[in-house]
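One-letter residues, chain by chain:
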Amino acid sequence: MSRFFSGKYRDLVPYVPGEQPKDLKYIKLNTNESPFPPSPRALELAAQAAKRLQLYSDPTCKVLTDKASEVFGVPADQILFTNGSDEALNFAFMAFCDQSRPAVFPDITYGFYSIFADLNGVPYTQIPLKEDFTIDVSDYIGVNATIFIANPNAPSGLNLSLDQIEVILKGNPDNVVVIDEAYVDFGGESAIALIPKYENLLVIQTFSKSRSMAGARLGFCAGGKALIGDLNAIKFSTNPYNVNAMTMAAGLGALEDEEYFRDNCRKILQNRAWTTEKLRELGFTVADSTTNFVLAKHDKLVGKQLYLDLKARGILVRHFDTPRLTDYVRVTIGSKEEMESFIAAVKNILEESV
Ligand code: PMP
């Protein structure tokens, strides 16, 4: 650290992304990316946009926002596109949290929430999930804080129903409730439908998972006009051109190709059912996931060692070295071939461990 680093950031512990090693060609089941390439339409429009890169991108994202308005059934002035949904989350922490309005989120959830809170000097409380990693909705009533809930949650893969989300929204009329729907397309129910009913609801989605665009960095928030206005004030005070022109064009192409997207989601669901069944046959405990990953543990295997043994076999999964998750590995659902290789490797590891 240099002696010039601002005192307000000295204690910051930055987010550690899932590893992206370049030493070997791994089967990557560690960062919840899609195994499928982006839609051909997304690639075509991105290539066209590349020819105009001498110009700034449209700071209002008009064409993309109008298309999203049509696809998601939300007025265009209630949508804001961002550089990945991480940026949307950061904007939400900046806009709706401060010393007097702390943040609240589960103890086991997306690891970036606590980091965004620290970055923005926001005090926060983590509410423990129940033993089975589900959220007890009653813990979130009248908490007097801005609430962040990943739904479905990560890395549990479990989701709350819209009725449960409504209980939280009604229980906190004077606070913003942020619902992070990064994985909603794999079996969750979107809270976007609730936006007309609740002025305190902000829904965040990403193009990184179900729309195969993690490397393009595209996310968006949807909510009441006033909330989106606040977030726009933050965006235009930090980076008005937050979404680059190629990504914007690719996003439009992805939204135009609904069929490709639905087809890929269907394949992930099939591969997830197959993987869950195989893991259970091998003695793993695996909750029914509503995401593009599963969280699994085995009585005879140590989570960290399983991660290392898989890595030695060219397969990357994610292990979290925290007390409640240390027994588990989180496995992204890839293509059928990738999941077959994964299950074969797990069988091999189990055979060697007896
Ligand atoms: N929310 C959750 C729950 C996530 O798991 C992720 C991806 N790691 C994100 C948000 C951020 O995704 P992105 O910035 O790629 O849109």
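The following paragraphs examine the structure supplied in this document. Sequence order as written defines residue numbering, which begins from 1 separately in each chain. The predicted origin of the model limits local features to residues at a pLDDT of at least 70 and limits the giving and counting of side-chain atom pairs to 80 or more, whereas totals for whole chains, interfaces and linings rest on all residues. Values reported for side chains reflect all heavy atoms of the structure, with hydrogen atoms and water molecules removed beforehand.

## Quick word on the sheet that holds strand β2 (residues 79-82)
At least two bridges found by DSSP between two strands is the condition for calling them paired. In this description a helix means any DSSP run of H or I spanning at least four residues, a strand means any run of E spanning at least two, and both kinds are numbered starting from the N terminus. Taken in spatial order, the 7 strands make up an open sheet running β2-β8-β7-β6-β5-β3-β4, and their pairing is mixed. The sheet is open, and its two borders are formed by β2 and β4 (124-127), each paired with just one other strand. In this sheet, neighbouring strand axes are inclined to one another by 20° on average, regardless of whether the strands run parallel or antiparallel. Looking at chain direction, strand β7 (residues 201-206) and strand β8 (residues 219-223) are connected through 5 bridges and run antiparallel. Within β8, the position partnered with valine 203 by the bridge is alanine 222. Helix axes are fitted to C-alpha atoms over the stretch in contact, other axes to C-alpha atoms as well, and angles between N-to-C directions run from 0 to 180 degrees.

## Some details on helix α4 (residues 112-119)
Here α4 lies mainly inside the structure; 6 of its 8 residues are buried. Those residues of α4 that sit buried are Phe112, Tyr113, Ser114, Ile115, Phe116 and Ala117. Contact definition: two residues touch when any of their heavy atoms are within 4.5 Å. Taken together, the buried residues of α4 touch α3 (84-96), β3 (103-106), β4, β5 (146-150) and β6 (177-180). After α4 finishes, the residue glycine 121 shows a positive phi value of roughly 65°. The cut-offs for exposure are 20% and 50% of the maximum accessible area for each residue type, with area from a 1.4 Å probe on protein chains only; residues under the lower value are buried, those over the upper are exposed, and the others partly exposed.

## Some thoughts on the pattern of salt bridges
For this analysis, a salt bridge means a side-chain nitrogen from Lys or Arg found within 4 Å of a carboxyl oxygen belonging to Asp or Glu. Counted according to the given criterion, the structure contains 19 salt bridges. Between glutamate 258 and arginine 262 there is a salt bridge, and its shortest N-O distance comes to 3.1 Å. In this pair, glutamate 258 and arginine 262 both sit in helix α8 (residues 258-281), 4 residues apart, roughly one turn of the helix. According to the relative accessible area criterion, glutamate 258 is partly exposed, its value standing at 23%. The network of salt bridges with common partners includes Arg41, Glu44 and Glu256.

## Examining the site of the ligand
Think of it this way: one heavy atom of a residue within 4 Å of a molecule or strand is enough to make that residue near it. With respect to spatial proximity, the complete set of residues near the ligand consists of Gly84, Ser85, Asp86, Leu89, Tyr110, Asp180, Ala182, Tyr183, Thr206, Ser208, Lys209 and Arg217. Here a polar contact is taken to be a pair of N or O atoms separated by no more than 3.5 Å, where protein atoms must pair a possible hydrogen donor with a possible acceptor and residues adjacent in sequence count only if both atoms sit in side chains. Contact distances for the ligand include 3.4 Å between a nitrogen atom and a side-chain N or O atom of tyrosine 110. Against a free-state accessible area of 400 Å², the protein chains account for coverage of 91% of the ligand. Residues belonging to the shell around the ligand are distributed by class as follows: 4 nonpolar, 4 polar and 4 charged. Under the convention used here, a 1.4 Å probe and the Shrake-Rupley method define accessible areas, while residue burial counts only the protein chains that appear. Charged residues are taken to be Asp, Glu, Lys and Arg, nonpolar residues to be Ala, Val, Leu, Ile, Met, Phe, Trp, Tyr, Cys and Pro, and polar residues to be all remaining types, Gly included.

## A word on the packing of helix α1 (residues 40-50) against helix α7 (residues 245-256)
Packing of α1 against α7 leaves a shortest axis separation of 7 Å and a crossing angle of 155°. Taken as axis vectors, α1 and α7 run roughly antiparallel relative to one another. Once α1 is placed against α7, the crossing between them reads as right-handed. Within the contact between the two elements, α1 uses Arg41, Ala42, Leu45, Ala46, Ala49 and Ala50 and α7 uses Ala245, Met246, Ala249, Ala250, Leu252, Gly253, Ala254 and Glu256. Classifying every residue of the contact of α1 with α7 by side-chain character gives 11 nonpolar, 1 polar and 2 charged. Should an angle fall under 35 degrees it is called roughly parallel, over 145 degrees roughly antiparallel, and 65 to 115 degrees roughly perpendicular, with every other angle called oblique. The crossing is said to be left-handed when, going from far helix to near helix, the turn is anticlockwise and less than a right angle, and right-handed when the turn is clockwise.

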